[in-house]
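# Results of the structural survey
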Amino acid sequence: MEDFVYYTPTKVVFGRGSELQVGSLVAARGCKKVLIHYGGGSARRSGLLERIGRSLDEAGIAHVELGGVVPNPRLSLVYKGIELAKAEGVDFILAVGGGSVIDSAKAIGYGVANDFDVWELYDFKRKATGCLPIGAVLTIAAAGSEMSQSSVITNENGWIKRGYGSEYCRPAFAILNPELTMTLPPYQTSCGCTDILMHTMERYFNRTGSMELTDGIAEALMRTVIRNALILMEQPDNYEARAEVMWAGSLSHNGLTGCGTDGGDWATHKLEHELGGMFDVAHGAGLAAVWGSWARYVCDADPARFARFAVKVLDVSPAANDHETALAGIAAMEDFYRSIQMPTSLRELGIAPTEAQIEELAAKCAVAVKGTAGVVKPLKQADLAAIYRMAL
Ligand code: NZQ
Ligand code: ZN
């Protein structure tokens, strides 16, 4: 087992009606003025924003609003949020939404707390020295940003999607009410379940060797998400299934399933981020579209690990050798994705990159990973292009 630091400072308030505690949670931190940040309208339509405003009023907390965050959140709105937060003297940012809203809130928090162009963080030029405190009222179980140390922003100038991570941006609290996710379109529910699975799979496929407890937690989490994702296809209002998936989403990306490992592979995420930047696809769907191709490209570097995944997570019967079991597991995973209406190729994702675009995706990805992606089989630019081609 590798040495590790496990740091999860986020206070989790889980359950029905938990959003009504938002005022007292902000007040307990001694903050006085909140920027409420939200997306394209679902939080207003559901009445959530109104309930949150009332809770803040009751706690005597002033607030201003900035909506309009889109999936693959844009740098231009981050700049707008930084200006607004500075002009209004905001001392807390409350993200009401999913990963896109939380990530945009984190970027605004960095922009207020650091005296330089915030994009320089995402462009590897600077490191943050602070961030305004963030709180999250989560409306989609997916990205895990409500407990993670990362934020992913898309710069419209060149359509570059990049992540930046630091402990400063981990939310102070996360309000997780599974009922808030019941208004999600089924496609978004499935994208979310895919992303949750992938956050644990990226960590599970590593080169560390045996980690009994971490592997056991990861396998239980993945089986739980698969089982409940299937339930939600039939019963979108099933509270227990929503709750299992929501808690899995936070645990999947708060570091727990990576304790004692080398950190994991992450190549599938890097491949997807370029697709999100260039084609504006939903993150979870993009992951499902490329994962099988990544897995077939790298699995011979560690067939035993892929075979274990097949048997323990997908209930595949062991075949004659690890290689065969591994391939059966990859096929079973793709069957699962299809059963929750997720794509397993770029065409099914709705895009058909040209050869020139594939080269551009691979080149941008190689820059984002500083040369080599993943650890199972370290991938250079030519490998990344090959995987995009396999995924067509
Ligand atoms: O904008 P609204 O109207 O709210 O609609 C959103 C959006 O269209 C909708 N939605 C959310 N909650 C809803 C709802 N619709 C109805 N009812 C509700 N309760 O869902 C759509 C997707 O929302 P988004 O926030 O984009 O989803 P997600 O949480 O999947 O976030 C994706 C972003 O997070 C990044 C991804 O790259 C992507 O940009 N990631 C962030 C990570 C992190 N910070 O740790 C890690 C991840 O790997 C990921 O890269
Ligand atoms: Zn993700």
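Residues numbered from 1 in each chain as written. Chains lettered and ligands numbered in written order. Predicted model: local features only at pLDDT ≥ 70, side-chain atom pairs only at ≥ 80, totals over all residues. Heavy atoms only, no water.

### A short note on empty space enclosed by the protein
For the coordinates displayed, the defined rule picks out 1 cavity of 30 Å³ or more. For the largest cavity, the calculated volume is near 50 Å³. For the lining of the largest cavity, the secondary-structure elements that each account for two or more residues are helix H7 (186-204) and helix H9 (239-252). For the lining of the largest cavity, the leading source of residues is H9, giving 3 residues. (1 Å grid on protein atoms, 1.4 Å probe; cavity = no way out; pocket = protein on both sides within 12 Å on 5 of 7 lines; lining within 4 Å. Points joined across faces, edges and corners; volume = space filled by probe spheres on them. Helix = DSSP H or I, 4+ residues; strand = E, 2+ residues; numbered from the N terminus.)

### What to know about the nonpolar core
In this structure, Met201, Trp291, Trp294, Phe306 and Phe309 are the most contacted members of the largest nonpolar core, which totals 100 residues. It is helix H11 (residues 283-298) that contributes the most residues to this core, 9 residues altogether. In contact with Trp291, not counting residues within four places along its chain, are Met198, Met201, Phe205, Thr268, Phe306, Phe309, Ile330, Met333 and Tyr337. Counting residues in each nonpolar core, the second largest holds 21 residues, with Cys31, Ala43, Leu94 and Ile175 among its members. (Core = buried A, V, L, I, M, F, W, Y, C linked by side-chain atoms within 4.5 Å. Buried < 20%, exposed > 50% of the residue type's maximum accessible area, 1.4 Å probe, protein only. Contact = heavy atoms within 4.5 Å.)

### Structural notes on unusual backbone geometry
Where the residue is not glycine, phi is negative for most of them; where a peptide bond is considered, it is trans in most cases. Backbone geometry at Trp266 places phi at a positive 70°, although glycine is not the residue there. By the secondary structure assignment, Trp266 is in the loop between H9 and helix H10 (267-279). Even without being a glycine, Gln341 presents a positive backbone phi close to 65°. Topologically, Gln341 is positioned in the loop between helix H13 (322-339) and helix H14 (346-349).

### Looking at the domain arrangement of the chain
Interface extent is often summarised as the accessible area lost during association of the parts. According to the domain assignment, the chain contains domain 1 (11-180) and domain 2 (183-391). Listed per partner, the contact involves 31 residues of domain 1 and 31 residues of domain 2. With both chains or domains summed, domain 1 and domain 2 bury close to 2,400 Å², and 59% of this area falls on carbon and sulfur atoms. Of the charged contacts, one joins Lys161 and Glu272 as a salt bridge, the two residues approaching to 3.7 Å between their closest N and O atoms. Linking domain 1 to domain 2 there are 6 residue pairs in polar contact (both at pLDDT 80 or more). Looking at the side of domain 1 that touches domain 2, the elements with two or more residues in it are strand S1 (11-14), strand S6 (150-155) and strand S7 (160-165). Examining the composition of the side of domain 1 that touches domain 2, we find that 3 residues originate from one element, S7, more than from any other. (Domains from an automatic or database assignment. Buried area = accessible area lost by both parts, 1.4 Å probe. Salt bridge = Lys/Arg side-chain N within 4 Å of Asp/Glu carboxyl O. Polar contact = N/O pair within 3.5 Å; in protein donor to acceptor, adjacent residues only side chain to side chain.)

### Considering the packing of H10 against H11
With their axes 9 Å apart at the nearest point, H10 and H11 run at an angle of 130° to one another. One finds that H10 runs oblique with respect to H11. Note on packing geometry: the crossing formed by H10 with H11 is right-handed. Within the contact between the two elements, H10 uses Ala267, Thr268, His269, Leu271, Glu272, His273 and Leu275 and H11 uses His283, Gly286, Leu287, Val290, Trp291 and Trp294. Of the residues belonging to the contact of H10 with H11, the class tally is 7 nonpolar, 5 polar and 1 charged. (Axes fitted to C-alpha atoms, helices over the stretch in contact; angles between N-to-C directions. Parallel < 35°, antiparallel > 145°, perpendicular 65-115°, else oblique. Left-handed = near helix turned anticlockwise from the far one by under 90°. Nonpolar A, V, L, I, M, F, W, Y, C, P; charged D, E, K, R; others polar.)

### A closer look at the sheet that holds S1
Spatially, the 6 strands line up as an open sheet ordered S1-S8-S5-S4-S2-S3, and their pairing is parallel. The sheet is open, and its two borders are formed by S1 and strand S3 (62-66), each paired with just one other strand. Each strand of the sheet is rotated relative to its neighbour by a mean of 20°, with strand direction disregarded. As paired strands, S1 and strand S8 (residues 173-176) are joined by 4 bridges and run parallel to one another. Looking at the pairing, Phe14 lines up with Leu176 of S8. Along the sheet, helix H4 (residues 75-88) makes contact with strand S2 (33-38) and S3, crossing S3 at roughly 160°. (Pairing = 2+ DSSP bridges.)

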